[in-house]
Amino acid sequence: MKKTVLIASVILITGFGNLTAQDNKMQNNKKEMMMPDISSWPEASKMSVKEITDKYGKPDGVTADELIWLNKGVWKKICINKAETKHSFPIEHTDMMQTTIMYKVPEDKMDELGEFDGSVTFDRTQGTMSARCDKEGNNFLALNLSNDIITNKKTVEQARQAYGDIVKEKMNGGDPEYMQKLTFPTQNNTMDADINTTGLTKEDVVKGIEKNKKK
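Everything numeric in this text was worked out from a predicted model, so none of it was measured.

### Describing the packing of helix H4 (residues 136-150) against helix H5 (residues 156-171)
Part 1: Axis separation between H4 and H5 bottoms out at 10 Å; the angle between their running directions is 155 degrees. In terms of orientation, H4 and H5 fall into the roughly antiparallel class. Like other packed secondary-structure pairs, H4 and H5 cross with a definite hand, here right-handed. Residues Asn138, Leu141, Ala142, Leu145 and Ile149 of H4 lie in contact with H5, whose contacting residues are Val156, Ala159, Ala162, Tyr163, Ile166 and Val167.
Part 2: Its residues assigned to classes, the contact of H4 with H5 comprises 10 nonpolar, one polar and no charged.

Okay, here's the thing in structure tokens:
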């Protein structure tokens, strides 16, 4: 009798264990299948989401207006925004996909990048450079030409001319290398903390804040 009870108990416990494992698996699968609802997004933004999702999988971060992928391919970060920004260079389109790489932009080239393309931006402190367009290939192109400017392979005028020429080549059925990948390596240790010009330490700042609170 005791043996029968013991065997029944083992079966019962094992059964519950299997159910729990199956339930966890179903929950995990459900989480993996979840994708934010972007049905109300503009068509161009939805196309950008499809392109990146097909290539890199589901986003790592989601807000009401933005999807974020981290450390995918050569990119430190990919952001696709619901809101589109009109951009006429080199042809009429809208920007909504921003791709970011680690890259230290030299100070003497910052103005030239601004002249080249308003959708190419950089963060000196974080050591990043980004391009914002509608397709990954266009962002590859913008950053490759930016690198050409920085490395003195092209002037701003030459880079702007090349941008239009390469886009036309793509539209005519070509497959230009500048739109396939980065033609240069990304960088490491690109952050620039700048210098402290006040002589104050963090502790001095904290003490000052606490002192002002007491007033």
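There's plenty left to go through after this.
### A look at the sheet that holds strand E2 (residues 66-72)
Part 1: Overall, antiparallel pairing links the six strands, which are arranged E1-E2-E3-E4-E6-E5 in an open sheet. The open sheet has two edge strands with one neighbour each: strand E1 (61-62) and strand E5 (120-123).
Part 2: Of the strand pairs in this sheet, strand E4 (residues 93-102) and strand E6 (residues 128-133) are connected by six bridges, and their pairing is antiparallel. Paired with methionine 102 across the strands is threonine 128, a residue of E6.
Part 3: Of the strands in this sheet, strand E3 (75-87), E4, E5 and E6 are in contact with H4, which crosses E6 at around 135 degrees.

### Re the pairing of E3
Part 1: The pairing of E2 with E3 spans six bridges and is antiparallel. When the sheet's bridge partners are listed, isoleucine 68 is paired in E3 with cysteine 79.
Part 2: Where E2 folds back onto E3 in an antiparallel hairpin, the turn is made up of two residues, including glycine 73, whose phi is positive at roughly 60 degrees.
Part 3: Of the strand pairs in this sheet, E3 and E4 are connected by seven bridges, and their pairing is antiparallel. In the sheet register, cysteine 79 faces E4, and the bridge partner there is glutamine 98.
Part 4: From the end of E3 to the start of E4, which pair antiparallel, there are five residues.

About the thresholds
- Residues numbered from 1 in each chain as written.
- Predicted model: local features only at pLDDT ≥ 70, side-chain atom pairs only at ≥ 80, totals over all residues.
- Heavy atoms only, no water.
- Axes fitted to C-alpha atoms, helices over the stretch in contact; angles between N-to-C directions.
- Helix = DSSP H or I, 4+ residues; strand = E, 2+ residues; numbered from the N terminus.
- Parallel < 35°, antiparallel > 145°, perpendicular 65-115°, else oblique.
- Left-handed = near helix turned anticlockwise from the far one by under 90°.
- Contact = heavy atoms within 4.5 Å.
- Nonpolar A, V, L, I, M, F, W, Y, C, P; charged D, E, K, R; others polar.
- Pairing = 2+ DSSP bridges.

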